[in-house]
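Breakdown of the fold
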Amino acid sequence: MKEAEGATTRTASHDLPVSAEFQAFMAGNWAPTPLSGDIRLPVADLAAARRAKLSARFPGERLIVPAGELAVRSNDCDYRFRPHSAYAWLTGLTGEEQVGHVLVMEPDGPHAHEAVLYARPRSARNGTELYRDRRYGEFWVGRRPDLGEAERMTGIRCAHLDAYGTLPPGRDASRDADLATALSELRLVKDAWEIGQLQQAVDHTVAGFEDVVRALPRALAHPRGERWIEGVFGLRARAEGNGTGYETIAAAGAHACYLHWIRNEGRLDRGELLLLDAGVETDSLYTADLTRTLPLSGRFSPVQRQVYDLVLAAQDAGIAALKPGASFRDFHRAGMRVIAEGLAEWGVLQHAEGDFHRRYTLCSSGHMLGLDVHDCAQARADAYLDGVLEEGQVLTVEPGLYLQPDDETLPAELRGIGVRIEDDLVITADGAQLMSHALPRTPDAVETWMGELLGG
């Protein structure tokens, strides 16, 4: 197929020639190594039910959901591959070997579809891909399931990826947008298995935060302590799951005033705060998203505690607003009311009315969470941002104050302080459950927790 040939041409230009005799030698005397036992994915039946829901949205239409392609990082090195979240949700397949695979749902009568997975089969033992193709060859990147094994894993009929190129055209780009919207909206409410995966991600993330606190003495001594923190958390993420669900934010001092500081190149100062925003992504690709702002000395200064307490009060107000039937925006409004009133009490604002507080908060206070850290982003506004909360939805509540170091509307002692507190919650029948309860939130509890981990 053209893609594989192109990849081979790109990466093999400096390879030594291969003689016909060597090719013949490589083609024989390989023992069979089939996958044995029950290899069906635990999520296979749930994925089938998800496909049925999608089918009902698009009667009589062919639906195409690609896993995605590799992206070049530099020359012949690709970025690590992660299949598209919609593909993973509909198939249960999450591994790096899914590169280029495509799920096609063919109309099967007026109200149903047959799913067909177009996949690259296992490298043939009598060809050269096995040992010469650096992108797809088994001896380069590892074993893929053969088509029969993939069928047993997923319950989906599988066909050779080459056959996908023979399908007749007929896709409408505007309907592609409708498909993306439907897939986002169908994922808004999580089933019990998904909530379990998210809880696992949260639990591993809590362990990663504990690792970071234990590593603070070495990070404080390093000229790029922020990056030391990033590396410590990344070790936990790779050891326990697929990796991080997004680029870790390890922002010390005034760097915490940048919402998405991922350079992580700064030194740590014991007199400052560290804002750590990080999440472990499980092997099933569900991610946590937690933030804590930690005193690098182990104790909050009075002004640091003042800012932290206001953000915590805003988060408490936001969490209290979570319940089925509430507007999605209610928790943000509740938190920002607290922030505005607090800033007025400090004298930073003349009054709490209007939107002047946004100079110091900059963004909204939470989002849906799932396979994507900002999950279900293609959903229509009336189903998400302007919709109401439902039991089974998982979301973050993460108010923050970002007091820029050069902001002359602030007293000098407040400038350069950034605080965010972020937790993951699942909407229940009568409110919300704090999935990240194992990670301390109050300043006293944070100080005690850090002291215990540091042996103080």
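Relevant structure appears above.
Residues numbered from 1 in each chain as written. Predicted model: local features only at pLDDT ≥ 70, side-chain atom pairs only at ≥ 80, totals over all residues. Heavy atoms only, no water.

Now for the overall build of the protein chain. Helix and strand content of the protein chain: 16 helices and 16 strands. Expressed along its principal axes, the backbone C-alpha trace of the protein chain runs to roughly 80 × 55 × 40 Å. The long-range fraction of contacts in the protein chain, counting pairs at least 24 apart against all pairs at least 6 apart in sequence, stands at 70%. Positive and negative side-chain charges of the protein chain, numbering 47 and 67 respectively, have mean locations separated by a distance of 3 Å. (Helix = DSSP H or I, 4+ residues; strand = E, 2+ residues; numbered from the N terminus. Contact = heavy atoms within 4.5 Å. Lys, Arg positive; Asp, Glu negative; His and termini not counted. Charge placed at Lys NZ, Arg CZ, Asp CG, Glu CD.)

A separate point is the nonpolar core. One finds Leu54, Leu103, Ile229, Leu268 and Leu401 to be the most contacted residues of the largest nonpolar core, which totals 92 residues. With sequence-adjacent residues up to four places away left out, Leu401 is seen in contact with Val307, Leu310, Val311, Ile339, Leu343, Trp346, Tyr360, Thr361, Ile417, Gly418 and Val419. Judged by nonpolar contacts, the second largest core, of 17 residues, contains Ala321, Ala326, Phe331 and Met368. (Core = buried A, V, L, I, M, F, W, Y, C linked by side-chain atoms within 4.5 Å. Buried < 20%, exposed > 50% of the residue type's maximum accessible area, 1.4 Å probe, protein only.)

Residue position: Ser436 is located in the loop between strand E16 (431-434) and helix H16 (443-453). You can call Ser436 buried: its relative accessible area is 0%. From its side chain, Ser436 meets the backbone nitrogen of Asp424 in a polar contact 3.2 Å long. With sequence-adjacent residues up to four places away left out, Ser436 is seen in contact with Val202, Leu290, Arg292, Asp423 and Asp424. (Polar contact = N/O pair within 3.5 Å; in protein donor to acceptor, adjacent residues only side chain to side chain.)

Moving on, we come to the packing of helix H13 (residues 302-320) against H16. Viewed as axis vectors pointing N to C, H13 and H16 meet at an angle of 115°, and their least axial separation amounts to 10 Å. Residue-level contacts link Arg305, Tyr308, Asp309 and Leu312 of H13 to Pro443, Asp444, Val446 and Glu447 of H16. Looking at side-chain class alone, the contact of H13 with H16 contains four nonpolar, no polar and four charged residues. (Axes fitted to C-alpha atoms, helices over the stretch in contact; angles between N-to-C directions. Nonpolar A, V, L, I, M, F, W, Y, C, P; charged D, E, K, R; others polar.)

On to helix H7 (residues 147-154). Listed as buried for H7 are Glu149, Ala150, Met153 and Thr154. The arc that holds every buried residue of H7, seen down its axis, measures 120°, which confines them to one face. Structurally, H7 contributes buried residues whose contacts are with helix H3 (44-57), helix H4 (85-91) and strand E6 (157-160). Where H7 begins, one side-chain oxygen reaches toward the backbone nitrogen of Gly148, 3.1 Å away; that side chain belongs to Asp146. With its phi angle positive at about 75°, Gly155 sits one or two positions after the end of H7. (Arc of directions from axis to C-beta.)

On the surface, a cluster of nonpolar side chains totalling about 410 Å² of accessible area is made up of Trp30, Phe139, Trp140 and Val141. Relative to the assigned elements, Val141 resides in helix H6 (residues 138-141). (Patch = residues over 30% accessible without salt bridge, like charges linked within 9 Å, V, L, I, M, F, W, Y side chains within 5 Å. Areas by Shrake-Rupley, 256 points an atom, 1.4 Å probe, with all protein chains shown as cover. Salt bridge = Lys/Arg side-chain N within 4 Å of Asp/Glu carboxyl O.)

Moving on, we come to the sheet that holds strand E8 (residues 249-252). With respect to topology, three strands assemble into an open sheet ordered E8-E9-E11, the strand pairing being antiparallel. Two strands lie at the open edges of the sheet, namely E8 and strand E11 (290-295), each paired on one side alone. When the angles between neighbouring strand axes are averaged without regard to direction, this sheet yields 10°. Summarising the sheet, E8 and strand E9 (residues 273-278) pair through four bridges and their orientation is antiparallel. Counted as the bridge partner of Ile249 is Asp277 from E9. (Pairing = 2+ DSSP bridges.)

In this model, Asn264 sits at a positive phi of 50°, which is unusual for a non-glycine residue. Within the secondary structure, Asn264 sits in the loop between E8 and E9. By relative accessible area, which is 0% here, Asn264 ends up buried. Despite not being glycine, Leu285 shows a phi value in the positive range, around 80°. Position of Leu285 relative to the elements: it lies in the loop between strand E10 (280-281) and E11.

Here H13 spans 27 Å end to end across 19 residues, near enough to the 27 Å set by a 1.5 Å rise per residue. Of the positions making up H13, those classed as buried are Val303, Gln304, Val307, Tyr308, Leu310, Val311, Leu312, Ala314, Gln315, Gly318 and Ile319. (Expected span 1.5 Å × (residues − 1).)

The next point concerns the environment of Glu194. Within the fold, Glu194 resides in helix H10 (residues 192-214). When neighbours within four sequence positions are excluded, Glu194 is seen to be in contact with Arg50, Trp89, Val189 and Tyr286. Among the polar contacts made by the side chain of Glu194, one reaches the side chain of Tyr286 at a distance of 2.7 Å.

Taken in spatial order, the three strands line up as E12-E15-E16 in an open sheet, and their pairing is antiparallel. Two strands close off the open sheet at either side, each with one partner strand: strand E12 (394-397) and E16. In this sheet, neighbouring strand axes are inclined to one another by 40° on average, regardless of whether the strands run parallel or antiparallel. In the sheet, strand E15 (residues 423-428) pairs with E16 via four bridges, with the strands oriented antiparallel. The residue of E16 that forms the bridge with Val426 is Gln433.

So, about the packing of aromatic side chains. Applying the stated rule across the entire model yields nine aromatic pairs. Pairing Phe209 with Phe233 gives two aromatic rings, centres 6.0 Å apart and planes at 85°, and the pair type is edge-to-face. Of this pair, Phe209 sits in helix H10 while Phe233 sits in helix H12 (residues 225-240), and the two are 24 residues apart along the sequence. Side by side, Phe209 and Phe233 carry an identical accessibility label, which is buried. The interplanar angle of 25° and the centroid separation of 5.6 Å between the aromatic rings of Tyr258 and Trp261 together place this pair among those described as stacked. Every member of this aromatic cluster is reached through a ring pair, and the members are Phe328, Phe331 and Tyr384. Its guanidinium or amino end placed over the ring of Tyr136, Arg120 lies 3.7 Å from that ring's centre, counting from NZ or CZ. (Phe/Tyr/Trp six-rings, centres within 6.5 Å; stacked < 30°, edge-to-face > 60°. Lys NZ or Arg CZ within 6 Å of the ring centre and 35° of its normal.)

What follows is about the pattern of salt bridges. Under the defined criterion, the tally for this structure stands at 32 salt bridges. Note that Arg187 is salt-bridged to Asp375, the shortest N-O span being 2.4 Å. One end of the pair, Arg187, is in the loop between helix H9 (173-186) and H10; the other, Asp375, is in the loop between helix H15 (358-361) and E12, and 188 residues separate them in sequence. In terms of burial, Arg187 and Asp375 fall into one category: buried. Residue Arg441 pairs with Asp423 through a salt bridge whose shortest N-O separation is 3.6 Å. Here Arg441, found in the loop between E16 and H16, pairs with Asp423, found in strand E15; they are 18 residues apart in sequence, far enough to count as distant. Residue Asp423 is classed as buried on the basis of its relative accessible area of 0%. Three or more residues are tied together by salt bridges with common partners; here these are Arg187, Lys190, Asp372 and Asp375.

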